[in-house]
Structures are given as C-alpha cells and as structure tokens.
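Descriptive structure summary
Residues per chain, in single letters:
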Amino acid sequence: MNFEDIQAVRNLLSEPQEIVIVPHKNPDGDAIGSTLGLWHFLRMKGQKATVIVPNDYPKFLKWMPGNGHILNFEKHNSQAREAMEAATLIFTLDFNHLGRAGQMEGFLEKSKAKFIMIDHHQAPADYAEYRYSDVEKSSTCEMVYEFIGFLGETDNINSDMANCLYTGIMTDTGSFKFASTTSRTHIIAADLIDRGAENTKIHHNVFDTNSPGRLHLLGCALKNMVILKDYRTVYITLSQAELDAYGHEKGDTEGFVNYGLTLEDIIFAVIFIENKEEGIIKISFRSAGSFSVNEFARSYFEGGGHNNAAGGKSEVSMEETISKFMVHLKENKEQLTG
Ligand code: 5GP
Ligand code: MN
C-alpha cells in the first residue's frame, strides 16, 4: 500500500463507519483467520464491524475467538443483507475478484460502500478503492498484520487478533513449509506468539480433529490415486457416492491433494471432488517448483489461485472431466517434464 492510500484509510477509520468484512466462498483458515483478526482490530478501534461469510466453513475453524459473531449469508440472509446495505466500508479478504464471493457477488457489485482489498492471489480485479495486493505474501493473515503495522497499531494487537492471524499463516503455509514462507513470515508468527497466539493449541485445534469417517475417506482417496509417472503427475477422484459412504462433512477433504506431492519425482497433484448439489466437480491443484497451477486452473478450469496452489471447477461428469484433464496434461507435458 502506498503512503497516500494508508493516509486515506487511516482517515476513514478515524470516523465512525459501518464496516463489513467478507472472505471468499468456502472460506479456509486464512479467510476466517484474516476476517476475524481484522474484525477484532476494528472493534478495538471502536468501529462497528460485521464479518459475513458467503457460505459455511469447516468445524475445525469454528473455535476462533469471535466466531459466534460471524454471519453466514446463506443462513442469516436478512441480517447479512441489512449489514451490507448499511455498509460504508467493505473489506474483501483473501480473494481478488467478486465472483469468488459466491452468492454475495451481486450484492457487493451493487454496494455504494468504499472497498478495501487485502489479498495475496494473482491477477487482482479493480473493484476496490484501496488495494493491498501482494502475491509474494504467504497469507492474507500476514498481510492483515502488515496492514495494522501500516496504521502504526502493531502494539495494539491483542491475543484474540494474534490467535486468529496465526491460524491463517499456519494453514496457508502448510505449517510454515511452503515456498511462500519467508523470514518475515516467521518474524510475524513469532511476534504473534509474543502477543498471545497459542501456537500449539492452534495446531491441535486445526489438525487434531479427525473423525473416523475422515480417515476412512482419506484411505479411499489414496486408494483411488492414479500415478502418471510420465507426466510427473498424480490425481485423485472422490465421487459423491464415496463422500456419502463415509459421512463426509465440510472440510474433510482438506489436505488430501497434498499427499501426491510427497511421492518422489511427482511435481503436480490434483484432486477432483464431485459435488452433486452444486452440479460441479471441484478441483484442487498443487505443484512443487515452477509449474504454475494458477495458469493451469485459469486456462482450463475456470479457476485460479497461486503458482503452487490453485482451484477450479468443471461442470461435466467426472469421467468427462478426467478426459479433459488428460488432454490438457498432454499439452503441458513439456513444462512438467522438461
Ligand atoms: P483449494 O484448492 O485449497 O480450495 O484452494 C487453493 C487456492 O486456490 C486458494 O488460494 C484458493 O483461494 C484458490 N482457489 C480455489 N478455488 C478457486 C476457484 O474456483 N477460483 C479461483 N480464482 N481461485 C480458487
Ligand atoms: Mn490465503
């Protein structure tokens, strides 16, 4: 963020605002951590603020302080719409084009509020008056920490903010192991611990929450894994019937896609998950090294994300989706194996 923008945002926050904070659809740890972290900060500043999520999110994120105040656009629709209509300032966090807000897209487009985007994905759209966009950053939570610093308020970060922000940094960096993890990430994480983030407890709350169903579903996913050595690629499929058989709950498949990358010489891992209700196959892409899954997802599967982690979707059957995937995999053989 440049100096003028920081000044302008500081001026805005020196007046009472009606603030709404929105993460992307199917919010993950970084989305919930950053919105709640910012929410605690804005409330501490005496602002009226509401977090509105486009839809539900996994149980393993619901322990975060402030969680009970989140409005779900699907469940608390009239309350959420009221807050959106009254909003003078809207923060959009962890996404950069309004299509990622699911059913909230149209309402955001219509809003007269000023927008502030804080995000670390590629190719930001230009709907926001104030844009803090940096693809080098590990997570939006890291950026919210920096944003609070730009405002000269780092010393006001309390333990609630610290716990929320630490969570998103931890989840988006794969517990500090992905290439996006920098020394700055560690410095910020350390400072958050000093300010009250309970790192061991956070890790436990997020990762030690398996149900027997989830572990069985993981077994099923690993059994379904197809290894395409010639393309240095692995893919997994999960049908709706398989999800149902193991009592699938939201968030159960989180992290499954990463297993493929633990195989020697595999640099591209994909998971295709059928969602009968939405009539789509939701796809997650992961890579190791320079192969850009952001470009792959953007070019062929209506998606996007980061160089090494992206998502997309397909509106045809699983079988047709895999055929399409194979066609594009072949087109990319050179980049994958060269
Ligand atoms: P995941 O595979 O964990 O759902 O998402 C990986 C990354 O890609 C995240 O940063 C997420 O925000 C982004 N992403 C996931 N699905 C989509 C999508 O459909 N469109 C876009 N543009 N990004 C996505
Ligand atoms: Mn993120």
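The shown structure was predicted, so the numbers you read here are calculated from the model rather than taken from an experiment.

Comments concerning unusual backbone geometry
At Phe176, a position not held by glycine, the phi torsion is positive, near 65°. The residue Phe176 is located in the loop between α6 (159–172) and α7 (183–194) in this model. One non-glycine residue with positive phi stands out, namely Glu302, at about 50°. By secondary structure assignment, the location of Glu302 is in the loop between α11 (293–300) and β11 (304–305). For Glu302, a relative accessible area of 56% puts it in the exposed group.

A closer look at the packing of helix α5 (residues 140–150) against α7
Between α5 and α7, the shortest axis-to-axis distance is 11 Å and the interhelical angle comes to 70°. Classified by the angle their axes make, α5 and α7 are roughly perpendicular. Together, Glu142, Tyr145 and Glu146 of α5 and Arg184, Thr185, Ile188, Asp191 and Leu192 of α7 make up the contact between the two elements. In terms of residue class, the contact of α5 with α7 is made up of 3 nonpolar, 1 polar and 4 charged.

Observations regarding the coordination of the manganese ion (ligand 2)
Protein ligation of the manganese ion (ligand 2) involves Asp30 (OD), Asp94 (OD), His120 (NE2) and Asp172 (OD), the donor distances falling in the range 2.2 to 2.3 Å. All donors to the manganese ion (ligand 2) come from one chain, and their sequence spacing reads D-x63-D-x25-H-x51-D. With Asp30 in helix α2 (residues 29–44) and His120 in the loop between β5 (114–119) and β6 (130–133), the pair connects residues that are 90 residues apart, well separated along the chain. Each member of the pair, Asp30 together with His120, is buried.

Focus on the sheet that holds strand β7 (residues 226–228)
Two pairing modes exist for strands in a sheet, parallel and antiparallel, and in both the strands are linked by backbone hydrogen bonds. The sheet built from 6 strands is open, its strands ordered β7-β8-β9-β10-β12-β11 with mixed pairing. Each end of this open sheet is capped by a strand with a single partner; those strands are β7 and β11. Relative to strand β9 (residues 268–275), strand β8 (residues 233–238) runs parallel, the two sharing 6 bridges. When the sheet's bridge partners are listed, Thr237 is paired in β9 with Phe272.

Criteria and thresholds
- Residues numbered from 1 in each chain as written.
- Chains lettered and ligands numbered in written order.
- Predicted model: local features only at pLDDT ≥ 70, side-chain atom pairs only at ≥ 80, totals over all residues.
- Heavy atoms only, no water.
- Helix = DSSP H or I, 4+ residues; strand = E, 2+ residues; numbered from the N terminus.
- Buried < 20%, exposed > 50% of the residue type's maximum accessible area, 1.4 Å probe, protein only.
- Axes fitted to C-alpha atoms, helices over the stretch in contact; angles between N-to-C directions.
- Parallel < 35°, antiparallel > 145°, perpendicular 65-115°, else oblique.
- Contact = heavy atoms within 4.5 Å.
- Nonpolar A, V, L, I, M, F, W, Y, C, P; charged D, E, K, R; others polar.
- Donors = N, O, S within 2.8 Å, 3.2 Å for Na, K, Ca; no water.
- Pairing = 2+ DSSP bridges.

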